[in-house]
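# Observations on the model geometry
Listed below, chain by chain, are the residues.
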Amino acid sequence: MTEQERKALAKLVTEPPKFNEPMRHHTTLRVGGPADALVTVHTLDELQKVVQFALERGLPILVLGEGSNLIVKDGGIRGIVLRLSGELTRINFDTQEIEVGGGTYLPHLLVKAAQRGLSGLECCTGVPGTVGGALISNAGTAEEFIGGKVTRVTVLTHEGILRTVEKDELRFSYRSSNLKELGLVIVSAVFNLSRDEPKAIMERIHRRWRYRWETQPVNMPCAGCIFKNPPGDRAGRLLDAAGLKGVRIGDAQVSTVHANFIVNLGNAKAKDVLALAELMRETVKAKFGITLEYEVQIVGEDE
Ligand code: EPU
């Protein structure tokens, strides 16, 4: 990005963009090289201006959620990394159909909905991501997903146009959706939730939380499950049975708690994490003949 482009970009937003910003500060696995520009937008107007700016100059855009399902390579990200804040994280509870900004932190939404007696998103308990990110990857458990509760999604298209997509055009399957094709940015989503006692909803959330605490390395830097579950089996079970728990490359280690997680013991680089993930894939392929598919998103350039 040229100096002129940096200056022009800074004029479009209220919060000063961060240039050459290390992405390891913005991913839960704590790896990743510098983004050319990390831009936080607080309003729809700012978002549209930045997207227009990037489209006119052919600058790539990556929308960052909480960085919780993301591996950014050590060479970092060219172009603009966008973060949604302010009015793009608002929750409108006017009706049973709640409207939520794409940048909303999912754990916050779950608790707010539970307090108002709105149930349906409990499957996303413990998913430390944004609503937009969760929708794109259809987050949830192995059986229940966020996509099942959504009735429409407003996106900014790849051409920079605001568009509302109705449920019948949305496709959700296990850890996948067609939202990346439909839009560049998830601006907001409408969920249809059902009524229940706040206490009962909170109990379900706590139960799921406890399960995660007992079975996942939630207190370590990690990026959630690295691989999708293959049809009819569990990636964690296969990786464990292959003897991979505790295996290390540099400071990247296969979690000793759940074999489908890689944890950062301190100073792991993305290249360590990716080499370890490939070793995990190759070992499972050699032992069980099953090819695991990545569940985490891998972005950026090699160093
Ligand atoms: N297992 C092992 N060893 C391990 C890990 C798991 O034998 O090291 C066995 C367990 O004993 C269990 C089975 O594998 O019998 C499934 O394990 P778990 O209940 O932990 O579920 P999972 O399929 O590994 C899925 C999602 C998680 C989600 C949990 C919560 C995927 C890839 N993972 O995990 O999602 O939190 O269910 O129910 O679908 C994520 O998407 O990032 C993620 C963490």
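A few points on the structure.

Calculation rules
- Residues numbered from 1 in each chain as written.
- Predicted model: local features only at pLDDT ≥ 70, side-chain atom pairs only at ≥ 80, totals over all residues.
- Heavy atoms only, no water.
- Phe/Tyr/Trp six-rings, centres within 6.5 Å; stacked < 30°, edge-to-face > 60°.
- Helix = DSSP H or I, 4+ residues; strand = E, 2+ residues; numbered from the N terminus.
- Lys NZ or Arg CZ within 6 Å of the ring centre and 35° of its normal.
- Pairing = 2+ DSSP bridges.
- Contact = heavy atoms within 4.5 Å.
- Axes fitted to C-alpha atoms, helices over the stretch in contact; angles between N-to-C directions.
- Polar contact = N/O pair within 3.5 Å; in protein donor to acceptor, adjacent residues only side chain to side chain.
- Expected span 1.5 Å × (residues − 1).
- Buried < 20%, exposed > 50% of the residue type's maximum accessible area, 1.4 Å probe, protein only.
- Arc of directions from axis to C-beta.
- Parallel < 35°, antiparallel > 145°, perpendicular 65-115°, else oblique.
- Left-handed = near helix turned anticlockwise from the far one by under 90°.
- Nonpolar A, V, L, I, M, F, W, Y, C, P; charged D, E, K, R; others polar.
- Near = heavy atom within 4 Å.
- Domains from an automatic or database assignment.

## Re the packing of aromatic side chains
- With the rule as written, the count across this model stands at three aromatic pairs.
- Both rings, one in Trp209 and one in Trp213, keep their centres 6.0 Å apart while their planes meet at 35°; by these two values the pair is tilted. You can see Trp209 and its partner Trp213 sitting in helix H6 (residues 198–215), four residues apart, about one turn around the helix.
- When the ring centre of Phe93 is taken as reference, the NZ or CZ atom of Arg116 above it lies at 4.2 Å.

## Quick notes on the sheet that holds strand E9 (residues 150–156)
- Read from one edge of the open sheet, five strands run E6-E7-E13-E9-E10, paired in antiparallel fashion. Here the strands that pair on one side only, and so sit at the sheet edges, are strand E6 (91–92) and strand E10 (162–166).
- For strand E7 (residues 97–101) and strand E13 (residues 185–192), the ladder comprises five bridges, and the chain directions are antiparallel. Paired with Glu99 across the strands is Val190, a residue of E13.
- Sheet strands touched by helix H2 (residues 44–57): E9, E10 and E13. Its angle to E13, the strand with the most contacts, is close to 140°.

## Let's talk about the side chain of Ser255
- By the secondary structure assignment, Ser255 is in the loop between strand E16 (252–254) and strand E17 (262–264).
- At a separation of 2.9 Å, a polar atom in the side chain of Ser255 contacts the main-chain amide nitrogen of Val257.

## Quick word on H6
- Here H6 spans 26 Å end to end across 18 residues, near enough to the 26 Å set by a 1.5 Å rise per residue.
- Among the residues of H6, those classed as buried are Ile201, Ile205 and Arg212. Axial view of H6: buried residues confined to an arc of 35°, hence all on one face. More than 90 degrees from the buried face of H6, the exposed residues found are Lys199, Arg207, Tyr211, Trp213 and Glu214.
- Its buried side turned inward, H6 meets helix H3 (106–115) and strand E8 (118–119).

## A short note on the packing of helix H1 (residues 3–10) against H2
- Interhelical geometry of H1 versus H2 gives an angle of 155° and a closest axis separation of 10 Å. The orientation of H1 relative to H2 falls into the category roughly antiparallel. Handedness of the crossing formed by H1 with H2: right-handed. Between H1, through Glu5, Ala8 and Leu9, and H2, the contact on the second element is made entirely by Val50, Phe53 and Arg57.
- Grouping the constituent residues of the contact of H1 with H2 by class yields four nonpolar, no polar and two charged.

## Overview of the pairing of E10
- Of the pairings in the sheet, the one linking E9 to E10 comprises five bridges and is antiparallel in character. Bridge pairing in E10 places Val155 opposite Arg163.
- Here E9 folds back onto E10 in antiparallel fashion, the turn holding five residues, of which Gly160 has a positive phi close to 85°.

## So, the sheet that holds E17
- One open sheet holds the three strands; their spatial order is E15-E16-E17, and the pairing between them is antiparallel. With partners counted over all chains shown, the strands left at the sheet margins are strand E15 (248–249) and E17, one partner each.
- In the sheet, E15 pairs with E16 via two bridges, with the strands oriented antiparallel. Paired with Arg248 across the two strands is Gln253, which belongs to E16.
- Along the sheet, helix H8 (residues 270–288) makes contact with E15, E16 and E17, crossing E16 at roughly 25°.

## With respect to the site of the ligand
- Of all residues adjacent to the ligand, which total 20 residues, the nearest are Tyr174, Tyr211, Arg212, Asn229 and Arg234.
- In the model, an oxygen atom of the ligand is placed 2.7 Å from a nitrogen or oxygen of the Tyr174 side chain.
- For the ligand, an oxygen atom lies 2.8 Å from a polar atom in the backbone of Cys225.
- Breaking the shell around the ligand down by element, the ones donating at least two residues are H6 and helix H7 (235–241).
- Per-element accounting of the shell around the ligand gives the leading share, three residues, to H7.
- Classifying every residue of the shell around the ligand gives seven nonpolar, six polar and seven charged.
- Here the shell around the ligand spans two domains, since at least three of its residues come from each of domain 2 (90–214) and domain 3 (219–299).

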